[in-house]
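The chain contents come next:
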Amino acid sequence: MRKRTFSGGTHPPECKYTENKKIEVLPPPDLVTIPLHQHTGAPSEPLVKKGDPVKVGTKIGEARGFISATIHSSISGKVKEVGECIHPVTGAYAQAVIIEGDGEDAWDESVKSTDSYRDHEPQQLVEMVKEAGIVGLGGAAFPTHVKLSPPKEKPIDTCILNGAECEPYLTSDHRLMLERTKDIVEGGKLILKALGCKRGFIGIEANKPDAVSAFESIPKSENPFEVAPLEVKYPQGQEHYIIDAIVHREIPSGGLPMDIGVLVQNVGTALAIFEAIRFGRPLIQRVVTVTGSAIGEPKNVLARIGTPFSTLFEACGGLKTVPRKIIMGGPMMGIAVFTDQVPVVKGTSGIVVLDEKDAKQFVEEPCIRCARCVDACPMKLLPTTIGDFARLGMLEDAERTGIMDCKECGTCSYVCPSRRNLVHYMKSGKARIFEERRKKKSA
Amino acid sequence: MNKETEKSTSTVEAAPKLLLSVSPHIRSQTDVQVVMYWVVVALVPAMIWSVYVFGIRTLWLTLTSILTAVLVEALFQKVRGRPITVYDGSAIITGILLAYNVPPGVPYWLVVVGSASAIGVKQIFGGLGYNIWNPALLGRAVIMASWPVHMTTKWLAPKFGTLSGIDAVSSATPLSVLKEAHRVFADPTSLPQQIAQVKLGVSQLYSSQGLANLFWGNVGGCIGEVSVALLLLGAILLFAKKIIDWRIPITYVGTVAVLGWIFGGAKGFFTGNVLFQVMAGGLILGAFYMATDMVTSPVTRRGRLFFGVGCGIITVIIRAFGGYPEGVSYSILLMNATTPLIDHWTSPKKFGSAKQRN
Ligand code: SF4
Ligand code: SF4
């Protein structure tokens, strides 16, 4: 098996406890809290008010602007309130629709399946994806219809389905690739059609040989996607590196995959596209890996959007010990949340709950200039230098040395023996630079 | 700002005290102590060898040096109200390396002075991570400048051999034999029997027996530098543990090999003996354990190549044309000073600078 890869990166211990756990479908919860902002771009506008009856798939939030996504109810019942909740990504209060279930789990009348879905025109496909509120399910939650509508001057010639799943602990994509192989390929074909693109790859890290053979077992005539086994290395799954590994093109600094004619979609997103177009189902649920040392029985679950984290914990054998850290996403790029009362959102690829022992706190020591971060940075930056510039508030120097190119992948912090919080410096430095830019604009 | 913040939410019973911190939430096993202690471990075989061939005295010298380094570091940090970090192992390494870089016959107070100045200067620069020069080499430079006689004459012959590792000369180290040969050949007033004698000396140095003595460490020299075999053994460990990178040591040794062949011979250009140049003196110790000092060498990969080549060039210049027989420690110190510049010039091309398509 020839394994493709990029330069740099690191290999944290995998901890994929759930890779052999079949996806378990959870019953609809009694109450869901659905934030109106679950994607990159503008929040959605609420379409319902207190007391409104809703069904599974009823539109409750309308996309506002081009980069935004539609929001649907994930259970049937009654709107309890259009209020606020703590958002798992920002940790701040955000507008949300809270729905009380009626236990019937009836689908909205607008949800209709069709057998002739293969005949849809590209434009129609994009429209349906938009209506279904699909966003990138790998964690970044970028509205998918936007990716599927590249400007004319930037034609896409290669589509990559991303099944790398390089984050330790997470196995939701892995399970989907095993359990829904054909449907993912179908979704992929719809993506190719929407883009008018011929060439497709599916990138899978070589630590999932079963997924590789699952895709390879589909006859070539039915699967236009060439399987590309990838070296097991973090952050292989980030767009920049999966593209570099498979087609050897580099996204220019500040650019997008479409600038080099490539589109990357997570395998889960491809599946969501299939379900939306084949069955008319909007994005109201997703697979979440619930795992970590504090979880009783780590599992992969199919959960409705809006389910509180605590409900997922109960479904996964409860908490074995007092949790010390709850991470939404994987441990390399995920976000620590301070309560288990936050809801699953479209970008929730996993929830990792760590106990006291695993949620280690590290004391930062001076940089010993060991260059591990430099050697490991897949963007080929000098994290120690940039980190110092950002820390000392030397924003111009930080910008000159490439802070804006940092993908916040966490590789540098991970490898640093001095436990420097390099990503933290990158993030706060970038935030301050954006702030300055805003000020300059408004001045 | 860099401290992880904690928030507690009284409303959530299940999660009374959750830790909030920026990603990544896991870190590699390797911390500063791990890095430093592997270096210490890698240096141990050379220590054992020196005790074996020079006597127990070298052990006491080394321990004195380590103890001084650790105490001075702790003292400095205490006085300045900084956290005491002597456990990180870096002072121990400095102590070991300082001792490894002195002749085995020096008085104890000399390593105390050397080790104390090494740590003193490091601390004046701000402690681990901020020092510009390799502390051990700086300490050595201090005592070399102040007590050159001690540093150039207190040699001990190894248990089973002579100082130079050959029979013809018994009172000088291999590199000084070569240096003397250079002088005699270049001096028009040299007597024929003088020339004959140095010729014999050089040919013995270059004989397979002479080279074998260098490799196994059956020659005189500084405490830790004599056994090429054991130093390489430790280096293999450091490579395996990914503590050091090949770029500096390999380019350093390679440059000395090539330039030593061109300029290092006593009979004119291209007559240098490559194996002799590489194994004699402190090159192996310097290239694998001191030039690779992370704090004082470049962080960029290309920069490390330049650094190694630079060390090699300066070493050969000093060996061939300078006043000292050996140039390893000064070459590294000189290159240390260029590290910030090298880093600046060699910062890698960012990902995304390439424009290729296929
Ligand atoms: S500097 Fe940025 S891109 Fe480079 S390793 Fe660190 S987080 Fe990743
Ligand atoms: S990994 Fe840490 S200690 Fe090493 S150079 Fe980078 S910031 Fe410094």
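Treat the numbers as computed from the prediction; the structure is a model and nothing was measured.

Definitions and cut-offs
Residues numbered from 1 in each chain as written. Chains lettered and ligands numbered in written order. Predicted model: local features only at pLDDT ≥ 70, side-chain atom pairs only at ≥ 80, totals over all residues. Heavy atoms only, no water. Near = heavy atom within 4 Å. Helix = DSSP H or I, 4+ residues; strand = E, 2+ residues; numbered from the N terminus. Nonpolar A, V, L, I, M, F, W, Y, C, P; charged D, E, K, R; others polar. UniProt positions renumbered as here; feature names shortened; annotations may be inferred. Buried < 20%, exposed > 50% of the residue type's maximum accessible area, 1.4 Å probe, protein only. Contact = heavy atoms within 4.5 Å. Core = buried A, V, L, I, M, F, W, Y, C linked by side-chain atoms within 4.5 Å. Pairing = 2+ DSSP bridges. Axes fitted to C-alpha atoms, helices over the stretch in contact; angles between N-to-C directions. Phe/Tyr/Trp six-rings, centres within 6.5 Å; stacked < 30°, edge-to-face > 60°.

Peer 1: So what's going on with the site of ligand 1? Which residues, and what values?
Peer 2: Residues and elements named next belong to chain A. In the vicinity of ligand 1 lie 13 residues, with Cys377, Cys406, Lys407, Cys409 and Cys412 positioned nearest. Mapped onto the shell around ligand 1, the elements with two or more residues apiece are helix 12 (411–415) and helix 13 (422–442). For the shell around ligand 1, the per-class residue count stands at nine nonpolar, two polar and two charged.

Peer 1: Describe the UniProt feature "modified residue: FMN phosphoryl threonine" (unreviewed entry) in chain B, naming the residues involved and giving the relevant values.
Peer 2: Residue and element names in this part refer to chain B. Residues given the UniProt feature "modified residue: FMN phosphoryl threonine" (unreviewed entry) here are Thr173. As for its position among the elements, threonine 173 is in the loop between helix 6 (148–153) and helix 7 (174–186). Note on threonine 173: relative accessible area 11%, which makes it buried. Setting aside residues up to four positions removed in sequence, threonine 173 forms contacts with Trp155, Leu163, Ser164, Gly220 and Gly221.

Peer 1: Requested: an account of the nonpolar core, with residues and values cited.
Peer 2: Counting residues in hydrophobic clusters, the biggest one holds 88 residues, and the most contacted among them are Tyr252(B), Phe276(B) and Tyr289(B). The contact partners of Tyr252(B), leaving out residues within four places of it in the chain, are Leu283(B), Gly286(B), Ala287(B), Ala291(B), Gly308(B), Cys311(B), Gly312(B), Thr315(B), Val328(B), Ser331(B) and Ile332(B). In this structure, Tyr117(A), Leu148(A), Ala272(A) and Phe274(A) belong to the second largest nonpolar core, which totals 46 residues.

Peer 1: Describe the UniProt feature "transmembrane region" (unreviewed entry) in chain B, with residues and values.
Peer 2: According to UniProt, the feature "transmembrane region" (unreviewed entry) maps to residues 34–52, 58–76, 215–239, 246–264, 270–291 and 303–322 of chain B in the numbering used here. Within the segment residues 215–239 of chain B, helix and strand shares are 56% and 0% respectively, and the terminal C-alpha atoms sit 20 Å apart.

Peer 1: An account of the site of ligand 2 is needed here, citing residue identities and associated values.
Peer 2: Near ligand 2 lie 13 residues; those nearest to it are Cys367(A), Cys370(A), Ala371(A), Cys373(A) and Cys416(A). Residues that form the shell around ligand 2 fall into these classes: eight nonpolar, two polar and three charged.

Peer 1: Outline the sheet that holds strand 10 (residues 199–205) of chain A, supporting the account with residue identities and numerical values.
Peer 2: Residues and elements named next belong to chain A. The strand order across the open sheet built from four strands is 11-10-9-12, with neighbouring strands paired in parallel fashion. In this open sheet, the two strands that pair with only one neighbour each are strand 11 (225–230) and strand 12 (262–266). The mean inter-strand angle of the sheet, taken between neighbouring strand axes irrespective of direction, is 25 degrees. Bridge count between strand 9 (residues 158–163) and strand 12: five bridges; the pairing is parallel. Of the residues in strand 12, the one forming a bridge with asparagine 162 is asparagine 266. Relative to strand 12, helix 7 (residues 267–279) is tilted by about 85 degrees, and along the sheet it contacts strand 9, strand 10 and strand 12.

Peer 1: Requested: an account of the packing of aromatic side chains, with residues and values cited.
Peer 2: All names here are of chain A. All chains considered together, the criterion is met by 15 aromatic pairs over all chains. Between tyrosine 117 and phenylalanine 274, the ring centres sit 6.0 Å apart and the planes meet at 80 degrees, which makes this aromatic pair edge-to-face. With tyrosine 117 in the loop between strand 8 (93–101) and helix 1 (122–131) and phenylalanine 274 in helix 7, this residue pair connects regions lying 157 residues apart in the sequence. Summarising the burial analysis for this pair, tyrosine 117 and phenylalanine 274 share the class buried.

Peer 1: Any details on the pairing of strand 7 (residues 77–86) of chain A? Residues and values, ideally.
Peer 2: Residue and element names in this part refer to chain A. Direction of pairing for strand 4 (residues 53–54) relative to strand 7: antiparallel, over a ladder of two bridges. Considered in strand 7, the bridge of proline 53 is made with lysine 78. Here strand 7 runs beside strand 8; their pairing, made up of nine bridges, is antiparallel. Residue pairing for strand 8: isoleucine 86 is matched across the bridge by tyrosine 93. Taken together, strand 7 and the strand that follows it, strand 8, pair antiparallel across an intervening segment of six residues, in which glycine 91 is found at a positive phi of about 75 degrees.

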